[in-house]
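The chain contents come next:
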Amino acid sequence: YNTVSWRPTLLEAYSLALRGSELRGKSVFAAARAVQVILAVGIVLFSAFSAAAEKRVALVIGNGAYASLPALPNPSNDARDISTLLRTLGFEVMEGIDLDRSRFVTLTAEFLDAARGADAALVYYAGHGIQYEEDNYLLPVDASVTSAYGLKSEAMSLKGLLGVTLFFLLANLA
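Criteria and cut-off values
- Residues numbered from 1 in each chain as written.
- Predicted model: local features only at pLDDT ≥ 70, side-chain atom pairs only at ≥ 80, totals over all residues.
- Heavy atoms only, no water.
- Helix = DSSP H or I, 4+ residues; strand = E, 2+ residues; numbered from the N terminus.
- pLDDT = per-residue confidence, 0-100.
- Contact = heavy atoms within 4.5 Å.
- Core = buried A, V, L, I, M, F, W, Y, C linked by side-chain atoms within 4.5 Å.
- Buried < 20%, exposed > 50% of the residue type's maximum accessible area, 1.4 Å probe, protein only.
- Expected span 1.5 Å × (residues − 1).
- Arc of directions from axis to C-beta.
- Phe/Tyr/Trp six-rings, centres within 6.5 Å; stacked < 30°, edge-to-face > 60°.

## Some thoughts on the environment of Gly 117
Looking at the secondary structure, you find Gly 117 in the loop between α4 (101-115) and β3 (120-126). Along the primary structure Gly 117 and Lys 55 are separated by 62 residues, whereas in three dimensions their C-alpha atoms are 7.8 Å apart.

Structure (structure tokens):
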């Protein structure tokens, strides 16, 4: 009597979870869109109440063209729309579309430098993400995570990104 035990890698487990969400159909898509509308209204209200803020910076990332994960059709368009809205509200926007690990790190560092003296700092992310050991990781488009070590070396830790006090919005619509 032989029993085979299969333990999926993080990437396989995430892909399986995505397929499960696809099976639930349009309700997931409708809920994600509702979250985006609520976030956009929140941004407008936040800006209206902080009109006296002199320096406002925003990091906006939309990752959808993944090499090792299912592609996402909306993040790049959503990120561009949010960037446009934030610019009209007086934010200096650092925008990244379909960022690989190297560009993700560079853009994040530029944002953290700008946020250091800002009156308001905001982060918007649309793309794949994984939660592991009480941290959330944002995945660049070239991520091919197969282990916990790989996750920590290939993805962007949200705790690491939030080393500065930020008004944070996470829109992981995967």
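## A short note on the confidence of the model for the protein
Taken as a whole, the protein shows an average pLDDT of 74; of its residues, 63% reach a score of 70 or greater. Here strand β7 (residues 167-170) is the element of the protein with the lowest mean pLDDT, 39, and strand β2 (residues 92-97) is the one with the highest, 97. Taken together, the stretch residues 1-8 has pLDDT below 50 and engages in 3 contacts with residues farther than four places along the chain or on a different chain. Low pLDDT, under 50, characterises residues 19-35; the predicted model gives this stretch 5 contacts beyond four residues in sequence or across chains.

## Some remarks on the nonpolar core
Among the nonpolar cores identified, the biggest contains 30 residues, and Leu 59, Phe 111 and Leu 139 are the most heavily contacted of them. Elements with a minimum of two residues in this core: β1 (56-62), α4, β3, β5 (135-138) and α6 (158-161). The dominant element in this core, judged by the number of residues it contributes, is α4, at 6 residues. Contacts of Leu 139, omitting those with residues within four sequence positions, involve Asn 63, Tyr 66, Leu 69, Phe 104, Tyr 125, His 128, Gly 129, Ile 130, Val 145, Leu 151 and Ala 155.

## Some words on α4
Look at α4: 21 Å from first C-alpha to last across 15 residues, which is about the 21 Å you get at 1.5 Å a residue. Every buried residue of α4 is accounted for by Phe 104, Leu 107, Thr 108, Phe 111, Leu 112, Ala 114 and Ala 115. When α4 is viewed along its axis, its buried side chains cluster within an angular range of 160° and face the same direction. Elements that come into contact with the buried residues of α4 comprise β1, β2, β3, β5, β6 (156-157) and α6.

## Points about the packing of aromatic side chains
Ring pairs (aromatic) are described by centroid distance and by the angle formed between their planes. Inspection of every chain in the model, using the stated rule, returns 1 aromatic pair. Centre to centre, the rings of Phe 104 and Tyr 125 are 6.3 Å apart; their planes meet at 45°, and the pair counts as tilted. Residue Phe 104 is found in helix α4, and its partner Tyr 125 is found in strand β3; the two are separated by 21 residues along the sequence. Note on accessibility: Phe 104 and Tyr 125 belong to one class, buried.

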